[in-house]
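Here's the letter readout for the chains.
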Amino acid sequence: MPSFDHKSIDARWQDRWARERTFATPTDRTRPKYYVLDMFPYPSGAGLHVGHPKGYTATDVVARARRMMGFNVLRVMGWDSFGLPAERQAEKENIHPRIITERNIATFKQQLSRLGLSYDWDRELATSDPRYYKWTQWILLKLWEKGLAYQAEVAVNFCPALGTVLANEEVKDGVYIETGDPVERRLMKQWMLRITAYADRLIDDLDELDWPAGTLAMQREWIGRSIGANVDFAMAGTSDVIQVFTTRPDTLFGGTYVVLAPEHKLVDAITTPAQRAAVEAYRAETGKRSERDRMTEAADAPKTGVFTGTMAINPVNGVEIPIWVADYVLASYGTGAVFACPAHDERDWAFATRFGLPIVEVVKGGDVAQAAYVGDGAHVNSAFLDGLDNDDAKDKVIAWLAERGKGERSVRYRLRDWLFSRQRYWGEPFPTIELDDGTVKVLPESALPVILPELDEFKPTSDGRPPLARAVDWIRTADPETGRPAMRETNTMPQWAGSCWYYLRFLSPQRDDVAWDAEEEKYWMNVDLYVGGSEHATLHLLYARFWHKVLFDCGLVHTKEPFARLFHQGMIHKPSFRDTRGRYYYDDEVEKVGSTWLAKESREPVETRSEKMSKSKYNVVNPDDMCDEYGADSLRLYELFMGPLEEGTDWATDGVSGCRRFLDRTWRLAVDDETGGPSGKLADGPSGDQRDVERALHQAIKRVSEGVESLRLNVAIADMMVFVNECTKSTTIPKDWYEQFLRILSPFAPHVAEELWERLGHRTSISAAPWPAFDEAKLKRDTITIAIQVQGKLRGTIDVAADAAEADVLAAARAEPKVVEFLAGKPIKREVYVKGRLVNLVV
RNA sequence: GCGAAAGUGGCGGAAUUGGUAGACGCGCUGGAUUCAGGUUCCAGUGGGUAACUCCGUGGGGGUUCGAGUCCCCCCUUUCGCACCA
């Protein structure tokens, strides 16, 4: 029999915390603040699985411990509730997405509440709530005022399956990263946000963030700043010039040809009659291949291209070099034209060797007949650059070009402006109108929120317009300022919009007169610890930083960055079972025979592999089941005990029972299993020598305290287990020690800790008890074990007093029988002594 | 192909950052308690060996009195980027 009834204990304390508003956000300003935030979830129809609470439990431990340490803690939860899945579900079931969303939120909240997470639920918010999205629209007005929102006819990523466009960040290898649906290029008029205007600050301010190094690198790469030069190439017999962008102007003397992208606007003008047919054929050929094909083939495919018939003049040495057209040059990056230096660029080298173009070495260091050399080195064959290294040569040649009006320093970015409209229903309507003369203007703040109109069908119209085109009466409106007839925008904002600023709305979610209270913002911002998945490294986290900087420029927030410290929790996986036809099986439908898995019914072999939990793969574990069987505290402990928070691990329900046994032992230290009364094991003070128990206590306090800071909570739990194991061995333990332990256990296992705390006579919640301090002196031992090595191999151990003198330790080491045996009478050449650790005798 | 991270018992993972490898948990083996256990308690549990001992942190070299930890080469896995000039 388990020792305690988790069902009644969980329910009892959850009720009590809610009734007494135990975790209401403090309003005093006398204590230091700590804002700990989880990435809020999209409330999907599938509900929660045990992967979700991993991050939430970690932040809950931090929040609860910080409160006990004397911080005012802001800990909140909300819903990223606009988005595609609800809309698709709505189409399928013919139910309004709002109803579906409400239903899903109720499920999520119910599941979350069973975990005993210490959220201030009075601050709950949902991005699809008009009280919330009014302010999302309001921020768009700010972006407009700053000239950062505009409409443009652009080549977009259009996903036919979804009937909507997608942002660059949402597309990879020609498919939508969420669903795998193919994406094609189309020219459409869209809302754009000028995130590129913030590119430098988005890179430079990364330096001040305590974020995972990988995520910082990904953001830098995504923004992709390249510093180089624009260089003008004149052409024989025309006044046109070709401008190229290069990061290696120092290799200009090695430039042996120029390449234009097939779409480059000068291609037509410069192609000679003799080459026209070949060039036209090539352009037709490359134009036929979709963006997707060109992406997937990418780097390994042999390079293709044709000569235009025209020569360009290399500005540094006046040499005539041919102009080619090739699709390895992208129209959309830089100027759509490059000068090629095959000796020092791998792509150019591949192209030049294929088409027999000359390779001229200008940087020493490699063998350019064999491969391109891209490293640093002394310049040669480069006139006034000879002898310089890459950096010096770049500076010198840029200055040289600038003096002669042939070039200038230039910075380019991989980052493009953010495509901000979607042809969907379930999102924020734009607070904009278009007048009958085509003028687009934003509505005044007083006209907000622009409420999403009711529809009963959510598909795009039959002629391909967005779902909101169905809201005929809603679209027709008047300019509130002039009364002129106007049309509303039928696009909606992308799902990222709401999550770009929710951390600010949590500061004062009940206020309808402001987006957030300025005083609250000054006190609470920025977010001290932000925990969520690494899949948002270049999406949400980049967009949110961008908005935050705009709000900073508007004087609406006082920090440059929203999230001071970021942590990614690893994903929980579980083996799935699949037969050759791709059918998945639940784990109770298969069995292991020898080393292979068979489907129980068909006896067919099934393949097993560890995958991300997903309803469609039949490998989800529901936290409700864990709470039913083991209790919330056992689940919480296991979520964190599994391994380092940042790493992904396989779920093992057996591990939950191990955590439950730990709590059972904890319980039995205080409560008699038979009677349910006090165990009689808790004493007024130590009996005899209990320094081992005391040391285990202080070690646990130390590790848990450090773990709250470093989020290394798995080892913190291990040390708490050591303490309980020590106590289990003792006949009595001081009550005071046990209570100190309960306090450090309480952030992890709050229900059991509260219950025991109360049974020990406390009238107030353990969550309000002060955090115990550990004593370094109590961690020390009187006698320590010293390892004795001969030639670096362990040959024995000796126990000595902790303060034993070196000479005594060495003497004891030499006298150790095993050691004597291995020394075999040989003279000792060297004695290494590491204080308190080991002795190594070298012969 | 480029970049980053990681490879430790049957399994999840520890290891004071160069100092006794395998903490803690799961699983397993034996014993005790129990009418009965998916109970609890005790003992054991990296591999080989009867033992002395030997071998062991993906593989191979190296530095060092001493390497899971540092250096070089290689292999594997995961993630990110993928002709960005």
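The coordinates are above.
Rules behind the numbers
- Residues numbered from 1 in each chain as written.
- Chains lettered and ligands numbered in written order.
- Predicted model: local features only at pLDDT ≥ 70, side-chain atom pairs only at ≥ 80, totals over all residues.
- Heavy atoms only, no water.
- Helix = DSSP H or I, 4+ residues; strand = E, 2+ residues; numbered from the N terminus.
- Buried < 20%, exposed > 50% of the residue type's maximum accessible area, 1.4 Å probe, protein only.
- Contact = heavy atoms within 4.5 Å.
- Areas by Shrake-Rupley, 256 points an atom, 1.4 Å probe, with all protein chains shown as cover.
- Lys, Arg positive; Asp, Glu negative; His and termini not counted.
- Charge placed at Lys NZ, Arg CZ, Asp CG, Glu CD.
- Arc of directions from axis to C-beta.
- 1 Å grid on protein atoms, 1.4 Å probe; cavity = no way out; pocket = protein on both sides within 12 Å on 5 of 7 lines; lining within 4 Å.
- Points joined across faces, edges and corners; volume = space filled by probe spheres on them.
- Nonpolar A, V, L, I, M, F, W, Y, C, P; charged D, E, K, R; others polar.

A. Quick peek at the overall build of chain A. When helices and strands are tallied, chain A shows 27 helices and 35 strands. Over its C-alpha atoms, taken along the principal directions, chain A stretches across nearly 105 × 90 × 65 Å. With 843 residues in all, chain A has 53% of them scored as buried. Contacts in chain A between residues at least 24 apart in sequence constitute 71% of all its contacts with a sequence separation of at least 6. Counting every atom, chain A has about 36900 Å² of accessible surface; 50% of that belongs to carbon and sulfur. Distance from the positive charge centre (107 side chains) to the negative charge centre (127 side chains) of chain A: 2 Å.

B. A look at helix 26 (residues 806-815). Considered for burial, the residues of helix 26 that qualify are Val809, Leu810 and Ala813. The arc that holds every buried residue of helix 26, seen down its axis, measures 95°, which confines them to one face. Opposite the buried face of helix 26, by more than 90 degrees, sit the exposed residues Ala807, Asp808 and Ala815. Residues of helix 26 that are buried in the fold lie against strand 32 (783-790), strand 33 (793-801), helix 27 (817-823), strand 34 (830-834) and strand 35 (838-842).

C. Geometry of the layout of surface pockets. Of the voids in this model, the second largest pocket is the one considered here, and its volume is about 650 Å³. In terms of lining, the second largest pocket is formed by 27 residues, of which the most central are Arg465, Pro466, Glu489, Thr490 and Asn491. Of all the secondary structure elements, the ones that give two or more residues to the lining of the second largest pocket are strand 5 (149-159), strand 9 (184-193), strand 18 (432-435), helix 13 (472-475) and strand 21 (485-488). The element contributing the most residues to the lining of the second largest pocket is strand 9, with five residues. Its residues placed into classes, the lining of the second largest pocket shows 12 nonpolar, eight polar and seven charged.

D. Representation of empty space enclosed by the protein. Enumeration over the complete set of coordinates arrives at one cavity of 30 Å³ or more. One number sums up the size of the largest cavity: a volume of about 40 Å³. Every residue along the wall of the largest cavity is listed here: Arg64, Met68, Ser746, Pro747, Pro750, Glu754, Ile766 and Ser767. Secondary structure elements with two or more residues in the lining of the largest cavity: helix 2 (53-68) and helix 24 (750-759).

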